[in-house]
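# Breakdown of the fold
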Amino acid sequence: MTLLTTWPESGPDTVVRRTADPAEIGEALKPLGVRYEQWPVREDVPADADSETVFAAYGPEIDRLNAEEGFTTVDVLGLHPSEDPEYPVKAKAAREKFLQEHTHDDDDEVRFFVSGSGIFYLHVNGEVHAVFCEKGDLLGVPRGTTHWFDMGTRPSFTAIRFFHEEDGWIGNFTGSAIASRFPDYDTIAAGYEQDKSAA
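Residues numbered from 1 in each chain as written. Predicted model: local features only at pLDDT ≥ 70, side-chain atom pairs only at ≥ 80, totals over all residues. Heavy atoms only, no water.

## Some words on the overall build of the protein
When you go through the protein residue by residue, the secondary structure sums to five helices and 11 strands. A compact globule built from 199 residues should have a C-alpha radius of gyration of about 16 Å, and the protein, at 16 Å, falls within 12% of that. When its C-alpha atoms are laid out on the principal axes, the protein stretches across 45 × 40 × 35 Å. Expressed as a percentage of its 199 residues, the buried residues of the protein come to 47%. The contacts of the protein with a sequence gap of at least 6 include a subset with a gap of at least 24, amounting to 75%. With 17 positive and 37 negative side-chain charges, the protein shows a separation of 2 Å between the mean positions of the two kinds. (Helix = DSSP H or I, 4+ residues; strand = E, 2+ residues; numbered from the N terminus. Rg over C-alpha atoms; globule rule 2.2 N^0.38 Å. Buried < 20%, exposed > 50% of the residue type's maximum accessible area, 1.4 Å probe, protein only. Contact = heavy atoms within 4.5 Å. Lys, Arg positive; Asp, Glu negative; His and termini not counted. Charge placed at Lys NZ, Arg CZ, Asp CG, Glu CD.)

## Comments concerning the UniProt feature "site: Important to generate the dianion" (unreviewed entry) in the protein
The UniProt entry lists Arg111 under the feature "site: Important to generate the dianion" (unreviewed entry), expressed in the numbering used here. In this structure, Arg111 sits in strand β6 (residues 109–124). If we ignore the near neighbours within four places in the chain, the residues touching Arg111 are Phe120, Asp137, Leu138, Leu139, Ile160, Arg161, Phe162, Phe163 and Trp169. (UniProt positions renumbered as here; feature names shortened; annotations may be inferred.)

## Description of the pairing of strand β7 (residues 127–134)
Most of β7 is tucked away, with seven of its eight residues classed as buried. Alignment of strand β1 (residues 3–8) against β7, held across six bridges, turns out to be antiparallel. The residue of β7 that forms the bridge with Pro8 is Glu127. Here eight bridges tie β6 to β7, and the two strands are oriented antiparallel to one another. Directly across from His123, in β7, lies its bridge partner Val128. Turn length for the β6-β7 hairpin, with the two strands adjacent in sequence and antiparallel, is two residues, and the turn residue Asn125 shows positive phi of about 50°. (Pairing = 2+ DSSP bridges.)

## Some points on the UniProt feature "site: May play a role in transmitting local conformational changes" (unreviewed entry) in the protein
Mapped onto this numbering, the UniProt entry gives "site: May play a role in transmitting local conformational changes" (unreviewed entry) at Asp107. Along the chain, Asp107 turns up in the loop between β5 (102–103) and β6. Setting aside chain neighbours within four positions, we find Asp107 in contact with Arg143, Phe163, His164 and Glu165. At a separation of 2.8 Å, a polar atom in the side chain of Asp107 contacts the main-chain amide nitrogen of His164. (Polar contact = N/O pair within 3.5 Å; in protein donor to acceptor, adjacent residues only side chain to side chain.)

## Let's talk about the nonpolar core
If you look at the biggest cluster of nonpolar residues, it comprises 25 residues, and the most contacted ones within it are Leu29, Phe120, Leu122, Val131 and Leu139. Those elements that provide at least two residues to this core are α1 (22–29), α4 (87–98), β6, β7, β8 (137–141) and β10 (157–163). When residues of this core are assigned to their parent elements, the largest contribution, four residues, is made by β6. The residues contacting Leu29, other than those within four sequence positions of it, are Leu4, Val34, Tyr36, Leu122, Val131 and Leu139. (Core = buried A, V, L, I, M, F, W, Y, C linked by side-chain atoms within 4.5 Å.)

## Focus: the side chain of His129
Within the secondary structure, His129 is located in strand β7. Not counting chain neighbours up to four residues away, the residues in contact with His129 comprise Leu4, Thr5, Thr6, Arg17, Leu32, Phe120, Tyr121, Leu122 and Val124.

## A look at α1
Among the residues of α1, those classed as buried are Ile25, Ala28 and Leu29. Looking straight down α1, one finds its buried side chains confined to an arc of 90°; they lie on one side. Exposed side of α1, more than 90 degrees from the buried face: Ala23 and Glu27 are the residues found there. Where α1 is buried, its residues touch β1, β2 (17–19), β3 (35–38), β6, β7 and β8. Among the residues of α1, the N-terminal cap falls to Asp21, whose side-chain oxygen and the backbone nitrogen of Ala23 are separated by 3.1 Å. (Arc of directions from axis to C-beta.)

Next comes the structure, spelled out in structure tokens:
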């Protein structure tokens, strides 16, 4: 289940929209050119599944999206808590890479969450839209859209990445500190879990 929270770009004091209804989320994101889909969740796929397992499980969905979009590269990226003493360093570096506001000139940013979660923050038309994505969610951020991504201080996710360009992920950072003014992944995730427990 996804959660969409929208605020004015001036700050998070005023909530313009907060919804976990997939239809409402899709309608809100459509005018921004954002692709939002929910694919069937394959419960037999482990959270930390390798690429071969993920591709086998989601082959039909991947093929359909490829036929529509003509991607040149599709890969699987995963990061999960472990006893590896290098995990904290890897997690911190991975988070910081995407945490500042940026755009992509030559490609969309298309991700499907096989497991775990992450938040895409879209800064468009004077508003910031935080899209909390969980397993089963696909989000496509159009090229040129100002955004950032937060996986939290203890990242745990596996995602399929789709690229039109063979160079992969290339970010153009705006230099803005706007990301620091809005609730981060850990804050939103904690509130979201409380909401689900109370429901």
